[in-house]
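Below, each chain spelled out in residue letters.
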Amino acid sequence: DTFDGHIILIDNGKKILLDTGCPYTIGIHDTFDFMGRQHHCFTSLAGFGINDISKLMNYQVDILMGMDLIGQYYLRIEYNSKTVTFSENEIPFQSICTTPIRSNMGAISVVLSVKNENVTLALDTGAKISYIGKKFTHNEVLNGKKTDFNPMIGNFETPIYNINASIEGVVFPVKFGNLPDMYASQMKMMGLDGAIGYDLFIAYNVYLDFQNMTMHIGKFSEQR
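Small disclaimer: the values here were computed from a predicted structure and weren't measured. (Residues numbered from 1 in each chain as written. Predicted model: local features only at pLDDT ≥ 70, side-chain atom pairs only at ≥ 80, totals over all residues. Heavy atoms only, no water.)

## Quick word on the overall build of the protein
Scanning the protein from terminus to terminus reveals four helices and 21 strands. Rg of the C-alpha trace for the protein: 17 Å, near the compact-globule value of 17 Å for 224 residues, within the 12% margin. Projecting the C-alpha coordinates of the protein onto the three principal axes gives extents of approximately 50 × 40 × 30 Å. For the protein, with 224 residues in total, the buried portion stands at 50%. Contacts spanning at least 24 positions in sequence make up 59% of the contacts within the protein whose residues lie at least 6 apart. Of the roughly 10600 Å² that the protein leaves accessible, carbon and sulfur atoms contribute 48%. Averaging the locations of the 17 positively and 23 negatively charged side chains of the protein gives two centres separated by 6 Å. (Helix = DSSP H or I, 4+ residues; strand = E, 2+ residues; numbered from the N terminus. Rg over C-alpha atoms; globule rule 2.2 N^0.38 Å. Buried < 20%, exposed > 50% of the residue type's maximum accessible area, 1.4 Å probe, protein only. Contact = heavy atoms within 4.5 Å. Areas by Shrake-Rupley, 256 points an atom, 1.4 Å probe, with all protein chains shown as cover. Lys, Arg positive; Asp, Glu negative; His and termini not counted. Charge placed at Lys NZ, Arg CZ, Asp CG, Glu CD.)

Here is the structure:
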């Protein structure tokens, strides 16, 4: 399922928020079953539990699945057909582009080009809005405002700007916002210039190979 740009997995009656931008998995209980195995998870992180996250989302989820669990599998995301495939083995995928990804404090990041400048963005399946620094948006035309949330700072409003981004020469449109200064500074300290989420997944199918730390993107017509 999808909700407000978020990818929601439906598994054995549980609603799971897929979040490559979070290093850890958070659930109501400290264990849950997935892919025929029992996994351990946190019941809270930095004082926030799954119910706190659900309230900020305005949508009840049972589990936030982070990279400690996602990274154990090969992952194919087909947002347009509302399908996510997990596998312990490589998944067939016809790609038009392949690029390296790297681990950044447990989460995943990728290099994109924006306005002919390389930027390192968190690759965040949990992000309904993509973000970049104000230096990239200060001369752009405002395209409205949107509300987002972060568990550490709660709800906030961001201006939205339409700017093209590219991965290995493959161009796609992005609705970029600006993070609140406090959170933007924290990301900068992590070596990140922002985050890319929904905009990438709505534009292309994406295959993440965490064994070889590569991301492949493909057209919707090439999804199988």
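## Some details on the pairing of strand 10 (residues 74-78)
A large share of strand 10 lies buried, amounting to five of its five residues. By the alternation rule, side chains of strand 10 split into Y74, R76 and E78 and L75 and I77, which are all buried. Two strands pair when backbone bridges link them, and strand 10 and strand 11 (residues 83-87) are joined in this way by five bridges, in the antiparallel orientation. Bridging from a neighbouring strand, I77 pairs with V84 of strand 11. Direction of pairing for strand 10 relative to strand 20 (residues 205-209): antiparallel, over a ladder of three bridges. The residue of strand 20 that forms the bridge with R76 is Y207. (Pairing = 2+ DSSP bridges.)

## Focus on the environment of V174
Residue placement: V174 occurs in strand 18 (residues 170-177). Assessed through its relative accessible area of 2%, V174 is described here as buried. Residues V174 and F136, 38 residues apart in the sequence, show an inter-C-alpha distance of 12 Å. Not counting residues up to four positions away in its chain, the partners in contact with V174 are S130, Y161, N162, I163, A165, I196 and D199.

## Remarks on the nonpolar core
Among soluble globular proteins, nonpolar side chains are generally buried collectively. By size, the foremost hydrophobic cluster in this structure holds 45 residues, and its most contacted members are M65, L123, L200 and M215. Excluding residues that lie within four positions of it along the chain, L123 makes contacts with T20, G21, I101, I108, S109, V110, I196, L200, F201, L208 and M215. Formed by eleven residues, the second largest nonpolar core is a distinct cluster that contains I50, M57, Y59 and L64. (Core = buried A, V, L, I, M, F, W, Y, C linked by side-chain atoms within 4.5 Å.)

## What to know about unusual backbone geometry
Even without being glycine, A46 reaches a positive phi, approximately 55 degrees. Within the fold, A46 resides in the loop between strand 7 (44-45) and strand 8 (48-49). With phi around 50 degrees, M213 is a residue other than glycine that occupies positive phi space.

## A word on the environment of T31
Structurally, T31 can be placed in strand 5 (residues 31-34). We classify T31 as partly exposed; its relative accessible area is 25%. Between the C-alpha atoms of T31 and F42, which are eleven residues apart in sequence, the distance is 8.3 Å. When residues no more than four places from it in sequence are discounted, the contact partners of T31 are Q38, H39, H40 and C41.

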